[in-house]
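# Observations on the three-dimensional arrangement
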Amino acid sequence: MGIEDYGGGQDPEPEVLVVTTNDVPGYHVREVIGEVFGLTVRSRHLGSQIGAGLKSMVGGELRGLTKTLVQTRNQAMERLVEQARTRGANGVLAFRFDVTEAADVGTEVCAYGTAVVLTRE
């Protein structure tokens, strides 16, 4: 597995800029649209659970689960960006992830932030 399997983030020139900060240097918030989020729930299949159980006996990274979580986070972020774009935003401020167990059947990942319209200063 290459490094692309373990990361995420945006293209260098995104249509909707997503940042973890409350402002963006060189930009002015012209309009606050409001909260947006992207949500996905992924179940774990039996094979990965058995593999993770065996790996936990000897220690080390659970690469299969890491790759699945990265894919899940990227999907949640894509859904957040699509919701922001649909509502007329070109930016999302205060971006965060929330990860929880969903009724013992999988993992819920929610990407959320504040959709805004940014203009260059």
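Only a predicted model underlies this, so the values are computations on that prediction, with no experimental measurement involved.

### A closer look at unusual backbone geometry
- Non-glycine residue A94 carries a positive phi angle of around 55°.
- Looking at the secondary structure, you find A94 in strand β3 (residues 91-102).

### Things to note about helix α2 (residues 63-86)
- The first and last C-alpha atoms of α2 sit 35 Å apart over 24 residues, in line with the 34 Å expected at 1.5 Å per residue.
- Those residues of α2 that fall on the buried side of the exposure criterion are V70, T72, A76, M77, L80, V81 and A84.
- In this fold, the buried residues of α2 make contact with β1 (17-18), β2 (27-43), β3 and β4 (106-120).
- Phi for G88, located one or two positions after α2, is positive at around 95°.

### Regarding the nonpolar core
- V18, L80, A84 and V92 are the most contacted members of the largest nonpolar core, which totals 16 residues.
- At five residues, the largest contribution of residues to this core is made by α2.
- By size, the runner-up hydrophobic cluster in this structure holds five residues, among which are V19, V24, V116 and L118.

### Describing the environment of V16
- Assignment of secondary structure puts V16 in the segment before β1.
- Judged by its relative accessible area of 1%, V16 falls in the buried class.
- Note: C-alpha distance between V16 and G88 (72 residues apart in sequence) is 9.7 Å.
- Apart from residues no more than four positions distant in its own chain, V16 is found in contact with Q10, V81, A84, R85, A89, N90, G91 and V92.

### What to know about the pattern of salt bridges
- Under the criterion given, the structure shown has two salt bridges.
- Here E15 and R85 are joined by a salt bridge, their closest N and O atoms 3.1 Å apart. Remark: R85 occurs in helix α2 and E15 occurs in the segment before β1; sequence separation between them is 70 residues.
- A residue is classified by how much of its surface remains accessible, and E15, at 56% relative accessible area, is exposed.

### Some thoughts on the confidence of the model for the chain
- For the chain, per-residue confidence averages 85 on the pLDDT scale, and 83% of positions sit at 70 or higher.
- Mean pLDDT values over the elements of the chain span from 54, in helix α1 (residues 46-58), up to 97, in β1.

Quick notes on the rules
Residues numbered from 1 in each chain as written. Predicted model: local features only at pLDDT ≥ 70, side-chain atom pairs only at ≥ 80, totals over all residues. Heavy atoms only, no water. Helix = DSSP H or I, 4+ residues; strand = E, 2+ residues; numbered from the N terminus. Expected span 1.5 Å × (residues − 1). Buried < 20%, exposed > 50% of the residue type's maximum accessible area, 1.4 Å probe, protein only. Contact = heavy atoms within 4.5 Å. Core = buried A, V, L, I, M, F, W, Y, C linked by side-chain atoms within 4.5 Å. Salt bridge = Lys/Arg side-chain N within 4 Å of Asp/Glu carboxyl O. pLDDT = per-residue confidence, 0-100.

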